[in-house]
Amino acid sequence: MSVFDTKTKFADYKEEGANWITLSSGEYYPDILFDACLLYEPVLRLFARLLKSSETSKRLFLQIAEVNEVWMRIQLCRVFRKYVSPETPVEMLKRKTKAQEIVHDFGDGFRQIHEVQARFDQRPMPDEALCALLWEYKSRGAKGYDLTERFFDLFRSQFPELILLGPKRAGQDIRLGTVFEDYPNPDRPVDFLVCTKDGKSVLAIGFARYDGDRGGAQEDDRTGGYKNAANEILNYTETRAPSTKVIFVNDGPGLLLGSMWDDYATIEESWRGNKIIVTTLRMIPTRLTKSWLLGTAD
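Fair warning: this is a prediction, and the values are worked out from it, not measured in the lab. (Residues numbered from 1 in each chain as written. Predicted model: local features only at pLDDT ≥ 70, side-chain atom pairs only at ≥ 80, totals over all residues. Heavy atoms only, no water.)

S.K.: What exactly am I supposed to notice about the pairing of strand 4 (residues 192-195) here?
M.R.: In regular strands, side chains alternate between the two faces of the sheet. Every second residue of strand 4 is oriented toward a common face, with Phe192 and Val194 on one face and Leu193 and Cys195 on the other, all of them buried. Relative to strand 4, strand 1 (residues 163-165) runs antiparallel, the two being bridged by three bridges. Bridging across to strand 4, Leu165 finds its partner in Leu193. Sheet topology places strand 4 next to strand 5 (residues 202-210); four bridges connect them, and they run antiparallel. (Buried < 20%, exposed > 50% of the residue type's maximum accessible area, 1.4 Å probe, protein only. Helix = DSSP H or I, 4+ residues; strand = E, 2+ residues; numbered from the N terminus. Pairing = 2+ DSSP bridges.)

Given below as structure tokens:
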């Protein structure tokens, strides 16, 4: 019997792909509006106070950067971006220590403060539309955390004799420089490691992602990054830890979009010796076997 059980490759599942993905539950609109407004009304009220006390949009941003509470500052930055500077990446706006630099580089493109005030005053308090937009940020990444949690539970019930390391939900990624002393890219982040019970051997290095509605450039970025990561890891382990393999746990409807399924299938088959496996949660009980992990025959 094949180490991949009844189907030998990820590609073999494509025809019935919709039966092999697991959908994460979501939230309904407008049901979320009450909680969204409750959570974000204090943000909008503080933004309003800072807006009224700022003579320029640059000054408004600098005042936001002075807010000490991290969560509040991030939400204010998101509101600022919507009203004042949609071209400035929110990740840059969140960097408190770079506030003056951001003002210098992007400040001339900020919307004028009197226009911001006029637009803000036209909206109700709380602004349901903006609260709903901010709520979307709140749940971003949650489906990925759900996926890793379910994978960890499934793996540990199926392989109690092996060790699975990594953050079960939110947490710091494992950096391969902390696993292999001379790893050429020590900051390479991975989601989990499968190790022998004694912890002396790394059987597999893994990545877990939930693909919602990715497509186009995002799709290319994801699969291209996966291919690079697999090549980097296996080129290193080929002589130093030849039994080490790579696992990609992917799930969600995004797998059915565009060329995603084919791209993952190509990655899985890119190394000889069944060194890579791509699997959804539903495939794990049959595809991810102890014999594949240990490199032994069934």
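On we go from here.
S.K.: Would you take a moment to explain the packing of helix 1 (residues 33-52) against helix 2 (residues 57-65) for this structure?
M.R.: Between two packed helices, the angle of one axis relative to the other and the distance separating the axes together describe the packing. As a packed pair, helix 1 and helix 2 sit with axes 9 Å apart at the nearest point and diverge in direction by 135 degrees. Considering the angle they form, helix 1 stands oblique to helix 2. Here the hand of the crossing between helix 1 and helix 2 comes out right-handed. Touching Phe47, Leu50 and Leu51 of helix 1 are Leu60, Gln63 and Ile64, all from helix 2. By residue class, the composition of the contact of helix 1 with helix 2 is five nonpolar, one polar and no charged. (Axes fitted to C-alpha atoms, helices over the stretch in contact; angles between N-to-C directions. Parallel < 35°, antiparallel > 145°, perpendicular 65-115°, else oblique. Left-handed = near helix turned anticlockwise from the far one by under 90°. Contact = heavy atoms within 4.5 Å. Nonpolar A, V, L, I, M, F, W, Y, C, P; charged D, E, K, R; others polar.)

S.K.: What exactly am I supposed to notice about the packing of helix 1 against helix 3 (residues 70-83) here?
M.R.: Axis separation between helix 1 and helix 3 bottoms out at 10 Å; the angle between their running directions is 65 degrees. The angle between helix 1 and helix 3 places the two elements in the roughly perpendicular class. Where helix 1 crosses over helix 3, the handedness of that crossing is right-handed. The segment helix 1 lies against helix 3, with Leu39, Tyr40, Pro42, Val43, Leu44, Leu46, Phe47 and Leu50 engaging Trp71, Met72, Gln75, Leu76, Val79, Phe80 and Tyr83. Taken together, the residues of the contact of helix 1 with helix 3 sort by class into 14 nonpolar, one polar and no charged.

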